[in-house]
Amino acid sequence: MKTFLICGAAMFAAATGFAQDQKKAPPPLMMMMPDLKDGTELPVKFSCSNAPAGTSPHIQWMNVPPNAQTLAILLHDPEPHPRGSIYDITHWFIYNIPASVMDLPEGVKNGDLPNGAKQLKNIRMMEGYFGPCAPPGPNHHYTFQLFALDSKLDLGPDATRADAEKAMDGHILGSAEVVQLFHRTQ
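All figures in this text were calculated on a predicted structure; none of them were measured in a lab.

A. Looking closely at the overall build of the chain. A tally of helices and strands in the chain yields two helices and nine strands. Walking the chain from its N terminus toward its C terminus, one meets helices and strands in the order α-β-β-β-β-β-β-β-β-α-β. Burial status across the chain gives 41% buried among its 186 residues. Long-range contacts, defined as pairs at least 24 residues apart, comprise 72% of the intrachain contacts of the chain with a sequence gap of at least 6. Carbon and sulfur atoms make up 58% of the accessible area of the chain, which totals about 10,600 Å².

Given below as structure tokens:
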């Protein structure tokens, strides 16, 4: 009797495909930066040492979840500033990038973008990119994070990163990150 049940279960699994394909998970959201490698030193071109605020790097992504509506990118320095109690500095937050867009070119301009994306104010109170700017000394770890969201973010003109993160809560379908190291030499 046991042999019959085991054979019957094996035949059912094979006939339904259950044994071979148990709903494969979709591939994870991925972020690539052609000019940067994860965990390496950030070129000066993308830092605050390239006046006035640095140039944003070319960012590409793939495997956006099918039910994503928008994307957001956050660049921040999670390490403490040596002269004060500032932690986790926001260098760039761009949101409401349409999910159909597959990259941002190098040198994104400040302010709202033609594709409907918007930018929050950074640590310098400017809308847009402000490149990594750690003082001389040990490298800081600058984290570029990409988020796939199931909705648009409805944020006012004076919204903060905290406001954006609160609005994203419960709407993140996937995320990816790339870390860069940087400190100024003088």
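There is more to say, and it comes next.
B. Spatial organisation of the sheet that holds strand S5 (residues 89-98). Spatially, six strands are ordered S2-S9-S8-S4-S5-S7 in an open sheet, and the strand pairing comes out mixed. Because the sheet does not close on itself, it has two edges, and the strands there are strand S2 (40-41) and strand S7 (118-119). Sheet topology places strand S4 (residues 70-77) next to S5; seven bridges connect them, and they run antiparallel. What sits directly across from isoleucine 73, in S5, is isoleucine 94.

Criteria and thresholds
Residues numbered from 1 in each chain as written. Predicted model: local features only at pLDDT ≥ 70, side-chain atom pairs only at ≥ 80, totals over all residues. Heavy atoms only, no water. Helix = DSSP H or I, 4+ residues; strand = E, 2+ residues; numbered from the N terminus. Buried < 20%, exposed > 50% of the residue type's maximum accessible area, 1.4 Å probe, protein only. Contact = heavy atoms within 4.5 Å. Areas by Shrake-Rupley, 256 points an atom, 1.4 Å probe, with all protein chains shown as cover. Pairing = 2+ DSSP bridges.

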